[in-house]
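Chain residues, written in single-letter form:
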Amino acid sequence: MSISPPQRSCSCEGFTRAEMLRRGAAQAGHGLPAIEPGMPMPAGTGLSRRGFLLASAGLALSVYGAGRLLDPSAFEEGIARAAEAPDQPILVSVYLQGGIDAMSVLYPAGDPLYTKYRPVLALPEDAGPAFSEDPRLHWHPQAVPLSQLHEEGKVSVLPAVGYTDPDQSHFTSRHYWEVGATQADLLTGWMGRYLDLAGNADNPLQGLCLDEALQPALATARMPVAAIDKPSSYSFYAQGVWGPPQAIMYDYFDTIGRVGAGSGDPAMQQSGKAALMSSTLRKQLLPFQSSSGAAPALPAGYPSASDAFPARMAGIAQLLAAGLPLRCVSISTESVFDTHDNQVAALGTGLGEATQTLYAFQRDLEARGLADRVLTLVWSEFGRRPQENASGGTDHGAAGCGFVMGTRAAGKMIGEWPGLTSGLDALGNVQATSDFRGLYCSLLEQWLGHEAAPIIPGASGLARMQVVQ
Amino acid sequence: MPLTRARGSAPRRSDSSHAALPVYSGPFGAEQAERLLWRAGFGPRPGQAAQLARHGVRGAVRSLTRPASRSLQGPPPRLENGEPLAPYDVWGNDVLWWLDRMVRTRAPLIERMTLIWHDWFATSNEGVDSQRLMIAQNRTQRSLCLASFPSMLTAMTVDPAMLVWLSGAGSTKEAPNENYAREMQELFTLGAGNGYKEIDVREHARALTGWTNTWNPATGQVEDFHFDPALHDNGVKVIYGHRGRFGWKDSLRLVLSNPDHPRHFVTKLWSYFCEEPLSGRDTRAAEGIYVSSGKRILPVLEAMLMHPLLHSGPRMVKPPIVQIAGMLRGIGRYIDTDAWVWESTLAGQTPFYPPNVGGWEAERWLNTGTWLARFNLASQMIGEQRVAKLPPSNATAKEPAAADPKALMKQAIAFWGEPTISGASRGALVSYAKSAGVNAAAASWEREQYPTLALNALRALVVATPDYQTC
C-alpha cells in the first residue's frame, strides 16, 4: 500500500518539489508551513467543560501570517472583536487524501461495463442502497451515513467532478484543487485568496486548519490564518527549574524569539517566529491547561478511531459552539485512499470512518443549533481508473466524486454520472461533468457572498451550479 | 562518453574536474567547520570543529566524503532497562538503531547521505509494515550512498520495502500498477512533469512489470521478492519516443538517460545542503560533473560541499533527528532510552516513517508544536545531568562564581559542547541569568538557589536559540 503525497507540486519548471515549497513559503509569506504529526493522546474523561472544549480543539494553535511579524496582542483583540460581530457563514473543506475511488463510493451497479472493468472489485447491486437521483448508482455500504443525509436533502452529490486535461499526479492535481485553478504556479490557496479579500488582519482563526499541517488551500498572501494540532496539552518543561526563574524563563522565549525574528537570515527568522508564536500561544492557553493532561472523550456519535479525524471534526463543532470566529476551515482525513492494492480492505475502513464522522459532525451542528451556518465541502484530488489493476486495486484516474453537505445545501445532484460506455476519455478515465472551479465560484457567490472573479482565475467562463437552497 | 575515475585519484586531477564549480575561499575556522559538520553530518563532538578546521575547506570536505573509518565508537545502544535493541521486532527500536549510528559514527557524512537517500526514496513503514525490510533498505542505501545514482536507483527499484511501498510487487502484464513508474519519474529522477508525459507513466509501468513475492503464512511475513518472467509484459513499449520490448532495466536506463534527469538530480541533491538554489551556470557545471563522472554521486557531492554558498549562504533549520543526534554528540550521551523516538516524532520527524513518498518538508520543521517539542527534548537530554545545587554559599563565603550571569551563560553553552551562539543570543542569555539568577532573588535561600535554577533554565534556552536550531 502506498500513501498519497499530501503536498503540492509544480509541473512547469525544473525545480525540485522541495524548492518549490521553499519558494512557495517565501512568497506566500510563510503561509504554508505548519505542524507535524504529534503523538496520539489516549482518550480520557473528567475534564471541565472549558478544558474539554479547548483540549479537544487541540490547544496547539499556530498562527501564520504574511511576511511581517504580527503583534499577537492584536490577535487577542481581533478574535474577540470578530466573535462579537454578526454570524458569518462558515465553509468547511474536507479533503479525502489520495484520490478516492469515486466508482466505489457511488458504484454504477446498473452499468453493464461495471463488472467487466471491475471483475474483482465490483460490488453486488444490492450491497448498498440506490442513489435516489440516479438509480444506476448505488452507495457503497460504508457510505450509508452520507446516503441518509442525502435522503434528508442535506447532501449535493457531484458524481464526476474534475477539470479538463486532468493531471494524474497526486501533487499536481491536489495543488490545482487547493489553489482553485489548473495553474502550477499559484502560491495562494483559493480560500486563502478569499480571506485576503474578505478577512481581517487580526483574526487568524478566520482560516483554521485542524490538521497536522496548515493546508495550502488556506495559504494567504496577507491575512493571518492558523493551524491547530491534534489534542494535546501545551506546556513547557525544563529540568530543575521552578518559581520565579521558571516564570522569567518563559518571558525569555520572547527575547530569544526577537533575536531570530530580527536577524537578516530566513532560517533564524523562522526559528525566532516559532519561539514568539509558541510563547504567545502558551500564554493564551494557560487558563485552559488541565491538571490531568488527559484528552477528552469524543461527543456521542463520532466513531472511535485510532486516527485524529473524528476528534478534529468534533473539535470544529466545539470551536464554533464556543463562538470562535471561524470562516474557512480546512481538514483532511488521516485515512489515505490511494488504493493501488487491496482496495476492498483499504477503502472500506477509511470510507466508513469518514462518512460516519461527517454524519456525526452534521448531527452535532444540528444539535448545537449551528447547522444553518455551516456548509461542508468534501473532495479528493481525482477519482481512480475504471479498469481495476491486478493488485486488487485501482490506479490514478480523472474525474472523482465530491459532496456539499449542510442543511442549507441545495441537496441536488450537480453534473451527472457520465457512464462507462461513452463517459471515458482516451486514456480510459472518467470524464468530468462538473468543474471544481465552477463549484468554488458558486460556493463563493452563493454561500460566502463574495464575487468570484478576483479569487478564481477565469471565473467568468466557468459554469455556476446551484449549491445553496 | 561517461568517464569513470578511480576513487582516490590524484588531488590535482580531482581539482581540475571540480573547477567548474567555485570553491569557497573565505576564512575556514571552527565556526565554518561547525556548519559543515551539521550540514553534512550531525554536528561536532566537543572540539571536533576546531580540529576539522585545520584541514581547510577541501581537506575538511574530503575527510567527510572519504572517511578513514566507518566504524562506530562508544558504548552500544541499550534501553532504559539495560536491554539491547531489537531493531526488527520492537516498536521504535528501528529508529534507535539508526539514531545510534548517527551518534556513534566516525563517518557522519555516510550516515547523513543515508538519511538523504531515505528522504529521496521516501519509504514509510506505515505502508511496508516490516521493520526488517525497512532496515534492509536502509543498509542498501548506506552501502550505495556515495556510489552511482544508477546503482542506487537500480537497488531501490527492486528493493523489497520499495516493491511493497509503491506496489511494484504484484504489478503484472495483465494490469501494470503505475505507482512506482509515476513516482520514479516525478520524485526520484525527473521532477513533476519534466521530460515525461502520462503515456510514459503507463509504458514504464508495463516495462516494470514482473516483480512479485510470496507471503509466508507461518511467519506472516512477505518474502522471496523476485522477478517472474511469466508476469512481465514482454510487448513493445514506447518510452520518450523510443520503441522496444523494454524490461525493468531498460526502464531505468531510459529514465536515467532522459535529458531532464541530470538537472533534477543536481538540483535536488543541492537542496539538501543549501536553501539558496545554485545559479544557472553552477547548475550546468554540476550537471557536467555528474554526467561526465558516469553519474557518480561522490564527485558532484564533493564539489557541492566546497561551494561558497554552502559556507557563506543563508542558514538552514536543522532537521529534528539531526538536531537530536547532534545534541547527544555534543553532550557525549549515547542511546540509553527510547525517549528519542517519541521526542523526534513530536518534533516532526520519525525516521522510517516519512509523511509520504515525497519525503519530509524542511519548511515545516518549525512551528508552535515542534518548537514546544524541541524545547522539551532539551530537558530529556539534560536528564540526570541537571544541576541539583551549585556550590553552597554560606554567610561568610563570597557569592558562588556561578552567580555571575556571564559565567552562568558560558557554563550553559559549554554543557552542549560549545556551539557557536551569536552575540545577540548570548546577550539575551546573560540578561536572563541576571534577572532570574540574581535580581529575582531576595531572601538568602533564594540567592543560594536561584543561580542553580537559572543555570538549568539557561541550558534549555541555549538549544532553543535560533542560533542552535539552525546551522
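Note that this is a predicted model, so its numbers are computed, not measured. (Residues numbered from 1 in each chain as written. Chains lettered and ligands numbered in written order. Predicted model: local features only at pLDDT ≥ 70, side-chain atom pairs only at ≥ 80, totals over all residues.)

Student: Honestly, the overall build of chain B in this entry has me stumped. Any pointers?
Tutor: For chain B, the helix and strand inventory stands at 24 helices and 4 strands. By residue count, 58% of the 471 residues in chain B fall in the buried class. Counting contacts in chain B only where the partners sit at least 6 residues apart, residues at least 24 apart contribute 73% of the total. (Helix = DSSP H or I, 4+ residues; strand = E, 2+ residues; numbered from the N terminus. Buried ≥ 20, exposed ≤ 12 C-beta atoms within 10 Å, placed from the backbone. Contact = placed C-beta atoms within 7 Å.)

Student: Just checking my understanding: could you explain the packing of helix α14 (residues 261–271) of chain B against helix α16 (residues 297–305) of chain B for this structure?
Tutor: Axis angle and axis distance: for two packed helices, these are the angle between their axes and the distance between the axes, and together they describe the pair. Residue and element names in this part refer to chain B. At their nearest, the axes of α14 and α16 sit 11 Å apart, and the two run at 45° to each other. In terms of orientation, α14 lies oblique with respect to α16. For the pair α14 and α16, the crossing hand works out as right-handed. Mapping the contact onto sequence places Val266, Leu269 and Trp270 in α14 and Val300, Leu301 and Met304 in α16. Its residues placed into classes, the contact of α14 with α16 shows 6 nonpolar, no polar and no charged. (Axes fitted to C-alpha atoms, helices over the stretch in contact; angles between N-to-C directions. Parallel < 35°, antiparallel > 145°, perpendicular 65-115°, else oblique. Left-handed = near helix turned anticlockwise from the far one by under 90°. Nonpolar A, V, L, I, M, F, W, Y, C, P; charged D, E, K, R; others polar.)

Student: Help me understand the confidence of the model for chain A, please; the structure alone is not making it clear to me.
Tutor: Should the pLDDT be low somewhere, the predicted coordinates at that spot are not to be read in detail. Residue and element names in this part refer to chain A. Across chain A, pLDDT averages 80, with 78% of residues at or above 70. Low pLDDT (under 50) marks residues 66–73, which in the prediction has 10 contacts with non-local residues, meaning those over four places away or in another chain. Across residues 287–294, confidence stays below pLDDT 50; counting only partners more than four residues off in sequence or on other chains, it has 16 contacts. (pLDDT = per-residue confidence, 0-100.)

Student: How should I be thinking about the nonpolar core in this particular structure?
Tutor: A general trend in soluble globular proteins is that nonpolar side chains are found buried together. Counting residues in each nonpolar core, the largest one holds 157 residues, and the members touching the most others are Leu99, Ala286, Leu458 and Leu461 of chain B. Ranked by residues supplied to this core, first place goes to helix α23 (residues 444–462) of chain B with 9 residues. Residues within four places of Leu458 of chain B in sequence aside, it is in contact with Leu408, Met409, Ala412, Leu429, Tyr432 and Ala433 of chain B. Within the second largest apolar cluster, 108 residues are counted, among which are Leu149, Tyr176, Cys328 and Ala399 of chain A. (Core = buried A, V, L, I, M, F, W, Y, C linked by C-beta atoms within 7 Å.)

Student: Just checking my understanding: could you explain helix α11 (residues 309–321) of chain A for this structure?
Tutor: Think of an α-helix as 3.6 residues a turn; residues three or four steps apart then line up on the same face. All names here are of chain A. If you check α11, its first and last C-alpha atoms are 19 Å apart, about what 13 residues at 1.5 Å a residue would give, namely 18 Å. The buried fraction of α11 is high, at 12 of 13 residues. Every buried residue of α11 is listed here: Phe309, Pro310, Ala311, Arg312, Met313, Ala314, Gly315, Ile316, Ala317, Gln318, Leu319 and Leu320. Once α11 finishes, Gly323 follows within two positions and takes phi at roughly 85°, a positive value. (Expected span 1.5 Å × (residues − 1).)

Student: What am I meant to see in the confidence of the model for chain B here?
Tutor: Residue and element names in this part refer to chain B. Mean pLDDT for chain B: 91, with 93% of residues reaching 70 or above. Taken together, the stretch residues 1–18 has pLDDT below 50 and engages in 16 contacts with residues farther than four places along the chain or on a different chain. Here residues 393–400 is modelled with pLDDT under 50, and outside its nearest four sequence neighbours on either side it reaches 6 contacts, counting other chains as well. On the interface metric, ipTM, the complex scores 0.90, and its pTM is 0.67.

Student: Please clarify how unusual backbone geometry should be interpreted in this entry.
Tutor: Peptide bonds are, in most cases, trans, and in most cases residues other than glycine have a negative phi. With a phi angle near 50°, Asp165 of chain A is a residue other than glycine that sits in the positive phi range. The residue Asp165 of chain A is located in the loop between β5 (155–162) and α7 (170–179) in this model. Backbone geometry at Asp224 of chain B places phi at a positive 55°, although glycine is not the residue there. Tracing the backbone through its elements, the reader meets Asp224 of chain B in strand β2 (residues 221–227).

Student: When you look at the pairing of strand β1 (residues 211–216) of chain B in this model, what are you seeing that I'm missing?
Tutor: The side chains of a regular strand alternate between the sheet's two faces. Residues and elements named next belong to chain B. Pairing of β1 with β2, which is carried by 5 bridges, proceeds in the antiparallel orientation. Pairing of Trp215 across the sheet is with Val222, part of β2. Taken together, β1 and the strand that follows it, β2, pair antiparallel across an intervening segment of 4 residues, in which Gly220 is found at a positive phi of about 75°. (Pairing = 2+ DSSP bridges.)

Student: I tried to follow the environment of Trp38 of chain B on my own but got confused; where do I start?
Tutor: Residue and element names in this part refer to chain B. Topologically, Trp38 is positioned in helix α2 (residues 30–39). Judged by local crowding, Trp38 falls into the buried class, with 23 C-beta atoms found within 10 Å. In the structure, Trp38 is positioned 285 residues away from Gln323 in sequence and 8.5 Å away in space, judged by C-alpha atoms. Excluding anything up to four places from it in sequence, Trp38 contacts Gly43, Lys318, Gly326 and Cys471.

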